[in-house]
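These are the residues of each chain, in order.
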Amino acid sequence: FWCTAMGCESEPIPEPTPELQIALDVIANDVRRQQERETAKLAEPVPNVEVAPAFVNSIGMKFVEIPGGEFLMGSSESDLNASPDEKPQHSITVAGPIFMGMYEVTQQEYLAVTGSNPSYFSPKGQGARQFTGLFDLSMPVEQVTWDEANKYCEQLSTLPEERIARRNYRLPTEAEWEYACRAGSTTVWSFGNDVDDLHRYAWYADNSNGQTHRVGLKLPNEFGLFDMHGNVWEWCSDPYVENAYSRRDADPQSSREQNSRRVMRGGGWFYGMANTRSACRDNGVSSVRYGLTGFRIVCELYDQPAD
């Protein structure tokens, strides 16, 4: 290209000698092995450092207690990957405590309540034809609509053991989700600003091998929550409003209630590092089934009856 652009004549490239070809092959093999080692390092699970849950419900779901507090929601001006949809940063107070699922809802937990498993990456899903033997029910449920996620919360809340325990389940609000994800941090990710550390906390495009993974294989954030970055996108309860942070005072509540699009957070296995940031926002139509989307739930505890 350079010679053509400058109008010069290029010499034909000679064929390498057998000795040179052997040397080139050795170098190529060394480069390939190094790339394989780096890929394996990114995909390697980290030791499980699970904290003690606040409680375990009747189907085995673990919940952590998160204290309420104030935080800056959204992206700072210094975040070069931020979109206008994440700005301006603004102070939000989250009432606490919040009892949030330690993990994304798994296929086993979804199956136990609904009797179905819509997941692509599942033992009986369409993905099993491509990835035989790699799946189990401790992977996050996916291909769940927002409507189905809410229905799941309603069904779980009506189980006899949950009613006796006075527990009610719902999706987190967008503010609750980001507050829980940040876990007191003000950085791009809950663990800091260094993207080189992301593989220790998240399954994303660079290390997922094109699929979801069992929950809890990566490191948790400071609140003890796993997979807040990556694995699957997570539904929030809020209607989605574009550039909502700059329109908070001007946007009427009625228009929010009529909006069929709902907020997604956290990024997923198919997406790059920018989508796993704590402040990143996405959205989808509540009735549409997206292949990359699951959910995490919040439990509200009502006053316990006397013994």
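Up top is the structure these notes are about.
To start, this report covers the structure provided alongside it. (Residues numbered from 1 in each chain as written. Predicted model: local features only at pLDDT ≥ 70, side-chain atom pairs only at ≥ 80, totals over all residues. Heavy atoms only, no water.)

Observations concerning unusual backbone geometry
Part 1: A cis amide bond links Lys87 with the next residue in sequence, Pro88, at an omega value of -5 degrees.
Part 2: Within the element layout of this structure, Pro88 appears in the loop between strand S3 (69–73) and strand S4 (90–94).
Part 3: Going from Gly96 to Pro97, the amide bond is cis rather than trans, its omega being 0 degrees.
Part 4: Turning to its location among the elements, Pro97 is positioned in the loop between S4 and strand S5 (98–101).
Part 5: Phi at Ala183 takes a positive value of approximately 50 degrees, unusual for a residue other than glycine. (Helix = DSSP H or I, 4+ residues; strand = E, 2+ residues; numbered from the N terminus.)

Brief notes about the sheet that holds strand S1 (residues 55–56)
Backbone hydrogen bonds are what pair the strands of a sheet, in a parallel or an antiparallel way.
Part 1: Spatially, 5 strands are ordered S1-S2-S5-S11-S6 in an open sheet, and the strand pairing comes out antiparallel. Strands with a single pairing partner mark the edges of an open sheet, and in this sheet they are S1 and strand S6 (167–170).
Part 2: As judged from the 2 bridges shared by S1 and strand S2 (residues 62–66), these two strands associate in the antiparallel manner. Residue pairing in the sheet places Phe55 in a bridge with Phe63 of S2.
Part 3: Along the sheet face, helix H6 (residues 174–182) touches S2, S5, S6 and strand S11 (298–301) and points at about 75 degrees away from the line of S5. (Pairing = 2+ DSSP bridges. Contact = heavy atoms within 4.5 Å. Axes fitted to C-alpha atoms, helices over the stretch in contact; angles between N-to-C directions.)

Description of the sheet that holds strand S10 (residues 293–295)
Part 1: Read from one edge to the other, the open sheet built from 4 strands follows the order S9-S8-S7-S10, with strand pairing classed as mixed. Two strands lie at the open edges of the sheet, namely strand S9 (281–285) and S10, each paired on one side alone. The sheet shows a mean angle of 50 degrees between the axes of neighbouring strands, taken without regard to direction.

Details of the environment of Thr145
Part 1: You can see Thr145 is positioned in the loop between helix H3 (107–114) and helix H4 (146–157).
Part 2: Among the residues examined, Thr145 registers a relative accessible area of 4% and is labelled buried.
Part 3: Separated by 148 residues in the primary sequence, Thr145 and Thr293 have C-alpha atoms spaced 7.8 Å apart. (Buried < 20%, exposed > 50% of the residue type's maximum accessible area, 1.4 Å probe, protein only.)

Here's the deal with the pattern of salt bridges
Part 1: Applying the stated criterion across every chain, the model contains 14 salt bridges.
Part 2: Here Arg265 ties to Glu174 by a salt bridge, and the two come within 3.1 Å at their closest N and O atoms. Within this pair, whereas Arg265 is found in strand S8 (residues 261–265), its partner Glu174 is found in helix H6, the two being separated by 91 residues in sequence.
Part 3: With a relative accessible area of 5%, Glu174 lands in the buried category. (Salt bridge = Lys/Arg side-chain N within 4 Å of Asp/Glu carboxyl O.)

Here we look at the packing of aromatic side chains
Part 1: All told, the structure shown has 18 aromatic pairs when counted by the stated rule.
Part 2: Across the ring face of Trp203, the terminal group of Lys218 is positioned such that the distance to the ring centre comes to 4.1 Å.
Part 3: Here Arg262 stacks its cationic end above the ring of Trp146, 4.0 Å away from the centre of that ring. (Phe/Tyr/Trp six-rings, centres within 6.5 Å; stacked < 30°, edge-to-face > 60°. Lys NZ or Arg CZ within 6 Å of the ring centre and 35° of its normal.)

Focus on H6
Part 1: Counting buried positions along H6 gives 9 out of 9 residues, so the element sits mostly inside the fold.
Part 2: Restricting attention to buried positions, one finds in H6 the residues Glu174, Ala175, Glu176, Trp177, Glu178, Tyr179, Ala180, Cys181 and Arg182.
Part 3: Downstream of H6 by a residue or two, Ala183 has a phi angle that is positive, lying close to 50 degrees.

Concerning the environment of Tyr169
Part 1: Tracing the sequence through the fold places Tyr169 in strand S6.
Part 2: Along the chain, Tyr169 and Phe99 lie 70 residues apart, while their C-alpha atoms are 9.7 Å from each other.
Part 3: Discounting residues that sit within four places of it in the chain, Tyr169 has contacts with Phe55, Asn57, Phe63, Cys153, Leu156, Ser157, Glu162, Ile297, Val298 and Cys299.
Part 4: In this structure the side chain of Tyr169 is engaged in a polar contact, spanning 3.3 Å, whose partner is the side chain of Asn57. (Polar contact = N/O pair within 3.5 Å; in protein donor to acceptor, adjacent residues only side chain to side chain.)

Description of H3
Part 1: Turning to H3, its buried residues are Gln107, Glu109, Tyr110 and Val113. The arc enclosing the buried residues of H3, seen along the axis, measures out at 165 degrees, which places them on a common side.
Part 2: Residues of H3 that are buried in the fold lie against H4 and S10.
Part 3: Gly115, located one to two residues past H3, shows a positive phi value of around 80 degrees. (Arc of directions from axis to C-beta.)

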